[in-house]
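Read off the chains here:
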Amino acid sequence: MGKKFHIITYGCQMNKYDSDALRGLMESRGHRWTESVDEADIVIVNTCAVRQHAEDRALGRIEEIIGHKKRKPSLVVGIMGCVAQEHGERLFEKIPGLDFVVGTDNLDVVADIAEGKLKPGAYTSINKNFLGIDAAAHIEPGQVSAFITIMRGCDNFCSYCIVPYVRGRERSLPPERILQQVRYAVSRGVREITLLGQNVNSYRWEDVDFPALLDMVAQVEGVCRLRFVTNHPKDFTPKILDVVEKHGEKIPPAFHLPLQSGSDRILRLMNRKYTLSDYMRIIEEIYRRFPDAAITTDIIVGFPGETEKDFESTLAAMRDVGFAGVFAFKYSVRPGTAAAKLEDDVPEAEKIRRLRTAIDLGIELARQFSQKHIGKVFPALVEKKSPKNPGKLAATLPSGRTVLIDENFAEIGDIVPVKITDAKVWVLRGEVVEK
Ligand code: SF4
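For every chain, the first residue of the written sequence is number 1, and numbering continues from 1 along that sequence. Residues qualify for local features only when their pLDDT is at least 70, as the model is predicted, and side-chain atom pairs are given and counted only at 80 or more; totals for whole chains, interfaces and linings, by contrast, use all residues. Side-chain numbers come from the whole structure's heavy atoms, not from hydrogens or water.

### Quick notes on the overall build of the protein chain
Helix and strand definitions follow DSSP, with helices as H or I runs of at least four residues and strands as E runs of at least two, each counted in order from the N terminus. Counting its regular elements, the protein chain contains 13 helices and 21 strands. Radius of gyration here uses only the C-alpha atoms, and the compact-globule reference equals 2.2 Å multiplied by the residue count raised to the power 0.38. On C-alpha atoms alone, the protein chain measures out to a radius of gyration of 22 Å, which is about the 22 Å that the 2.2 N^0.38 rule sets for 435 residues. Dimensions of the protein chain, computed from the C-alpha atoms along their principal axes, are close to 60 × 55 × 45 Å. Categorising residues by exposure relies on relative accessible area from a 1.4 Å probe, with only protein chains included: less than 20% of the type maximum marks a residue as buried, more than 50% marks it as exposed, and the intermediate range marks it as partly exposed. Residue burial in the protein chain is summarised as follows: out of 435 residues, 56% are buried. Put simply, the protein chain has 61 plus and 60 minus side-chain charges, and the middle of one group is 1 Å from the middle of the other. Under the convention used here, Asp and Glu are negative, Lys and Arg are positive, and both His and the chain ends fall outside the count. Here the site of a charge means NZ on Lys, CZ on Arg, CG on Asp, or CD on Glu.

Here's what the structure looks like:
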């Protein structure tokens, strides 16, 4: 008989996709999803190791769930994802009561464990050929947007990052498998697809590179909007922009292009393999072709050796680009990475001050970017009823910003022309207009 299961997901969109694929696999094998941890026979926590804080939160949640075993001794609790891969069976000592540990290359064993075909235990072997769970990822009824993973792992070894160690070497999925997932999502009513990878720009399957794949996906019938994350500045080429241009409104000019630092010296220490000038050349090319482009970024402050001057260069670069959104983080050491060998010499209070400054500037730039929408008309994809604004629908603009519109003028899933009337930092208001 099928088991009732629940998955809790931490971390990036790739983890969210893995959880949805696991849900799809479990359901295809007769197990039933439950929203409630109390009702579940199996609870799996999908974890993120990018920052210590994320890891601690996930482990704390697992301990709390294991507490339910007092009431229900048959409950099975497992951990999957990057923390599972990083620590392996050591987690059994750290978390008494944990039943299984499933690493990033072994996600499909969860169904076998649920069915008693495999014993609970640690499954963390490296499998360079693992391309992810081969099942249609779960799609909620009425879901308008879906993420689809096109590659796994990363070969870049940015010095601060644990991902290449826990997710392994870069592997691209065959185009046909990706197209199948896209067709399935569209057949379930999805209108917007986001292609996912740690560095989608280095996608390659035989002679199909990322621009070619993007072009193929854009041509799938029913795909109304197409996005992709994450890009790496060293691999972002004009060929990608050619495909974006070719498909007009279908692929919005919205690019997440992590800068990390505006100082060449820090970029070298981070092993990012580009300079600020390289980065700015890409930005110029994007704005030349798409003057309204939304460019978002990641910034790390307080990296080992970062001086006030380095930090000022980062702030200057942020202003020069005029980012639509900035995800700023404070550097934290990840044991096992190359940067862990550098002296973590920026005092904590100074890291916090720089983080606050970068966040504040990011918010100001985001506000300016949002205000540029006012008075213009954009196609908006209606995603859902706005949870906090009765009578309003939340729609997504090409830039990625949310716009609230009157629910009498559109249906969920529609793409409607909206004139922007007001803009806060992240959320805009607008009216549906005639084309
Ligand atoms: S590109 Fe760099 S930051 Fe991104 S996952 Fe790979 S190593 Fe980590």
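Having seen the structure, we can now continue with the description.
### Let's talk about the packing of aromatic side chains
The way to describe two aromatic rings as a pair is by their centre distance and the angle between their planes. Here a pair means two rings of Phe, Tyr or Trp (six-membered ring of Trp) with centres within 6.5 Å. Their orientation is stacked below 30 degrees between planes, edge-to-face above 60, and tilted elsewhere. A full pass over the atoms with the stated rule returns 10 aromatic pairs. Judged by centre distance (6.1 Å) and plane angle (55 degrees), the rings of F228 and F255 are tilted. Of this pair, F228 sits in strand β13 (residues 225-229) while F255 sits in strand β14 (residues 254-256); the two residues are 27 residues apart in sequence, bridging distant segments of the chain. The same class applies to F228 and to F255, which are both buried. With centroids separated by 5.2 Å and ring planes inclined at 70 degrees, the aromatic side chains of F303 and Y331 adopt a geometry described as edge-to-face. Of this pair, F303 sits in the loop between β15 (294-301) and α12 (308-321) while Y331 sits in the loop between β16 (325-330) and α13 (348-371), and the two are 28 residues apart along the sequence. Per residue, the accessibility class of F303 equals that of Y331, and both read buried.

### Side note on the side chain of H256
With respect to the helices, strands and loops of the structure, H256 is situated in strand β14. Taking the relative accessible area as the measure of exposure, H256 reaches 11% and is therefore buried. Here D298 takes part through its side chain, which lies 3.0 Å from a polar atom of the side chain of H256. Note on definitions: a residue-residue contact is assigned when non-hydrogen atoms from the two residues lie within 4.5 Å. In this structure H256 touches V229, T230, N231, T296, T297, D298 and F327, once residues within four positions along its chain are discounted. Two N or O atoms form a polar contact when they lie within 3.5 Å of each other; inside protein one atom must be a possible hydrogen donor and the other a possible acceptor, and for residues adjacent in sequence the pair counts only when both atoms belong to side chains.

### Here's the deal with the domain arrangement of the protein chain
A domain assignment, automatic or from a database, supplies the domain bounds used here. Looking at the assigned domains, one finds that the protein chain contains domain 1 (4-123), domain 2 (145-371) and domain 3 (377-432). Between the C-alpha centres of domain 2 and domain 3 there is a distance of 26 Å. Listed per partner, the contact involves 18 residues of domain 2 and 18 residues of domain 3. By convention, the term buried area covers the 1.4 Å-probe accessible surface removed from two parts as they join, with the contributions of both added. Among the residues of domain 2 in contact with domain 3, R191, R225 and S370 are the three that bury the most area, contributing 39% of the side total. Any Lys or Arg side-chain nitrogen located within 4 Å of an Asp or Glu carboxyl oxygen qualifies as a salt bridge. Between domain 2 and domain 3 we count 0 salt bridges in total. At the level of secondary structure, the elements contributing two or more residues to the side of domain 2 that touches domain 3 comprise β13 and α13. By residue number, the principal contributor to the side of domain 2 that touches domain 3 is α13, which donates 6 residues. Only Asp, Glu, Lys and Arg are considered charged, only Ala, Val, Leu, Ile, Met, Phe, Trp, Tyr, Cys and Pro nonpolar, and every remaining residue, Gly among them, polar. Tallied by class, residues from the side of domain 2 that touches domain 3 come to 8 nonpolar, 4 polar and 6 charged.

### Structural notes on the nonpolar core
Remark: nonpolar core denotes a set of buried residues (Ala, Val, Leu, Ile, Met, Phe, Trp, Tyr, Cys) joined through side-chain atoms within 4.5 Å. The biggest cluster of nonpolar side chains holds 85 residues, and the ones touching the most others in it are L195, L214, F228, Y279 and I286. Considering each element in turn, this core owes the most residues, 6 residues, to helix α1 (residues 13-28). Two domains each provide a minimum of three residues to this core, namely domain 1 (4-123) and domain 2 (145-371). Those residues in contact with I286, other than ones at most four positions away along the chain, are F236, L241, F255, L257, A293 and I295. Counting 24 residues, the second-largest nonpolar core is a separate cluster that includes I66, V77, L98 and V166.

### Section: the sheet that holds strand β18 (residues 392-396)
For two strands to be treated as a pair, DSSP must find at least two bridges joining them. Taken in spatial order, the 5 strands line up as β17-β18-β19-β21-β20 and close into a barrel, and their pairing is mixed. Strand-to-strand, the axes of this sheet are offset by a mean angle of 55 degrees, without reference to chain direction. With 5 bridges joining them, β18 and strand β19 (residues 402-406) adopt antiparallel strand pairing. Bridge pairing links T396 to T402 in β19. Convention adopted: a line fitted to C-alpha atoms gives each axis, helices being fitted over their contacting stretch, and angles between N-to-C directions are expressed from 0 to 180 degrees.

### Thoughts on helix α7 (residues 175-187)
Counted at 1.5 Å a residue, the expected span for α7 with its 13 residues is 18 Å, and the 18 Å between its end C-alpha atoms agrees. All of the buried residues in α7 are P175, R177, I178, L179, Q181, V182, A185 and V186. At its buried positions, α7 is contacted by α1, β7 (145-149), β10 (192-196), β11 (204-205), β12 (208-209) and α8 (210-218). What a helix should span is 1.5 Å times the count of its residues minus one.

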